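A look at the structure
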Amino acid sequence: MMHVGAPLSAPFSLGASSPRARRRASLLPKLTRRRSISESSSSAPIRLCCRSLASLMDRSPSRLALASMGDDPIREWILTEGKATQITRISPIGGGCINHASRYDTDSGSFFVKTNRRIGPSMFEAESLGLSAMYATQSIRVPMPYKVGPLPTGGSFIIMEFIEFGPSRGSQSVLGRKLAEMHQAGKSSKGFGFDIDNTIGSTPQINSWSSDWIEFFSEHRLGYQLKLALDQYGDSAIYEKGQRLMKNLQPLFEGVVIEPCLLHGDLWSGNISSDKNGDPVILDPACYYGHPEAEFGMSWCAGFGGAFYSSYFEVMPKQPGFEKRRDLYMLYHYLNHYNLFGSGYRSSAMSIIDDYLRMLEV
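Remember, it's a predicted structure, so these values are computed and weren't measured experimentally.

Thoughts on the overall build of the protein chain
Regarding its fold elements, the protein chain presents 10 helices and 11 strands. Looking at the protein chain residue by residue over its 362 residues, the buried ones come to 57%. In the structure as shown, the protein chain presents an accessible area of about 15000 Å², 50% of it carried by carbon and sulfur atoms.

Below, the structure is given as structure tokens:
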């Protein structure tokens with residue numbers, strides 16, 4: 001389906017959920033922009049501002065458009081830059097567990113709006129940057145972000161394109177091809193990382209730029225999660241074994257050419273859908289530039305089949321040792337689930353670490 005919101009021509013220039021309820025939002029840091037290595041010297045239903053939806057529906061369209069728009073930046077944007085003159089309906093949308101999501105129907109089309117009453121604009125700014133980067137590749141469909149800002153009573157919001165989803169997730173083959181096209185088109189001259197830190201679920205995801213993928217993945221993916229497990233649970237066993245693995249990853253990448261490619265970063269089944277035409281749509285990203293194989297780290301929760309991989313590798317050929325590295329990229333997400341949801345994921349993470357320590361004989 002074509003864009004059903006206001007007919008804007010370009011994504012927002014600025015700036016994520018999970019299979020189960022994500023960890024409390026208080027862990028979220030203030031997200032910071034990152035500079036490239038060359039630049040661096042060393043990155044529920046929406047309530048309309050104390051007015052109930054019922055009371056708004058009782059007002060005339062002209063009064064609705066004019067009354068106290070400055071008190072509600074969402075309405076203000078929709079009724080000005082969004083080119084609508086009337087908001088006809090606001091409907092809650094389920095499925096998220098960190099933010100509140102709603103559909104705003106207007107005489108100019110529909111908009112998708114997320115709010116969070118506890119977290120400032122930095123989280124949504126990071127999401128917007130990720131969506132904009134993926135949108136710019138003109139490959140797989142993502143919702144176009146329009147506006148991010150603070151709420152006057154605290155918290156923040158993001159307004160984006162509303163996409164009418166189809167009845168299924170669409171073709172696995174098309175999904176694989178479109179994802180590969182995004183990886184192929186989304187390159188970075190800055191190295192591995194992203195211009196801003198973001199979140200994986202509600203866990204901070206550090207995206208400081210690095211010229212070395214193994215160093216980046218070790219420090220900012222595995223290392224960060226292992227330290228979190230140590231601090232949160234006192235789990236010195238998984239921390240110490242994980243540190244040994246981090247220091248011995250090089251043999252897993254022998255003969256591999258690694259280009260930094262734009263990754264969605266949190267590609268599980270809940271973040272994959274299709275539009276009414278059956279074309280794949282991906283959303284709620286945790287973007288960064290990394291080794292494209294890292295995109296499959298959530299494959300245990302994504303349902304990728306043979307048709308998906310066949311189509312993907314037709315565009316992005318499989319590299320030597322792919323099978324040896326698959327569990328390594330899953331480890332990051334198992335560790336994150338351990339930190340978010342508790343001990344139920346610890347054994348999976350520890351098993352992967354133990355298997356690699358045996359394989360690498362360290």
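Some remarks on the packing of aromatic side chains
Summed over the entire model, instances satisfying the criterion amount to 27 aromatic pairs. Note on Y233 and Y338: the rings are 4.7 Å apart at their centroids and 20° apart in plane angle, and the pair reads as stacked. Of the two residues, Y233 is situated in helix α6 (residues 213–233) and Y338 in helix α9 (residues 322–341); the sequence distance between them amounts to 105 residues. Overall, Y338 belongs to the buried group, its relative accessible area being 4%. A connected cluster of aromatic rings, assembled from ring pairs, spans F296, F304, F308, Y309, Y312, F313 and F322. Across the ring face of Y288, the terminal group of R221 is positioned such that the distance to the ring centre comes to 4.1 Å.

Thoughts on the environment of F192
Of note, F192 is situated in the loop between α5 (172–185) and β6 (198–200). Linking F192 and H291, residues 99 residues apart in sequence, is a C-alpha distance of 8.3 Å.

Thoughts on the sheet that holds strand β4 (residues 145–150)
The antiparallel open sheet is built from 5 strands, whose spatial order is β1-β2-β3-β5-β4. Among the strands making up the open sheet, the edge pair consists of β1 (87–93) and β4. Taken over all neighbouring pairs, the strand axes of this sheet differ in orientation by 20° on average, direction set aside. One ladder, built from 6 bridges, connects β1 with strand β2 (residues 100–106); its direction is antiparallel. In the sheet register, I90 faces β2, and the bridge partner there is Y104. Its contacts with the sheet place helix α4 (residues 122–136) against β3 (109–116), β4 and β5 (156–161), and it is angled at close to 20° to β5.

Some points on the pairing of β4
On a regular strand, one side chain projects to one face of the sheet and the next to the other, so that they alternate. Direction of pairing for β4 relative to β5: antiparallel, over a ladder of 5 bridges. When the bridges of β5 are listed, K147 appears paired with I159. In textbook terms, the turn of a hairpin is the stretch between consecutive antiparallel strands, and for β4 and β5 this stretch comprises 5 residues, one of which, G154, has a positive phi near 110°.

Examining unusual backbone geometry
Notably, Q138 is not glycine yet its phi reads approximately 50°, a positive angle. In this structure, Q138 sits in the loop between α4 and β4. Here E361, not a glycine, exhibits a phi torsion of approximately 55°, which is positive. Among the structural elements, E361 can be located in the segment after α10 (346–360). The exposure class of E361 is exposed, given its relative accessible area of 71%.

Calculation notes
- Residues numbered from 1 in each chain as written.
- Predicted model: local features only at pLDDT ≥ 70, side-chain atom pairs only at ≥ 80, totals over all residues.
- Heavy atoms only, no water.
- Helix = DSSP H or I, 4+ residues; strand = E, 2+ residues; numbered from the N terminus.
- Buried < 20%, exposed > 50% of the residue type's maximum accessible area, 1.4 Å probe, protein only.
- Areas by Shrake-Rupley, 256 points an atom, 1.4 Å probe, with all protein chains shown as cover.
- Phe/Tyr/Trp six-rings, centres within 6.5 Å; stacked < 30°, edge-to-face > 60°.
- Lys NZ or Arg CZ within 6 Å of the ring centre and 35° of its normal.
- Pairing = 2+ DSSP bridges.
- Axes fitted to C-alpha atoms, helices over the stretch in contact; angles between N-to-C directions.
- Contact = heavy atoms within 4.5 Å.

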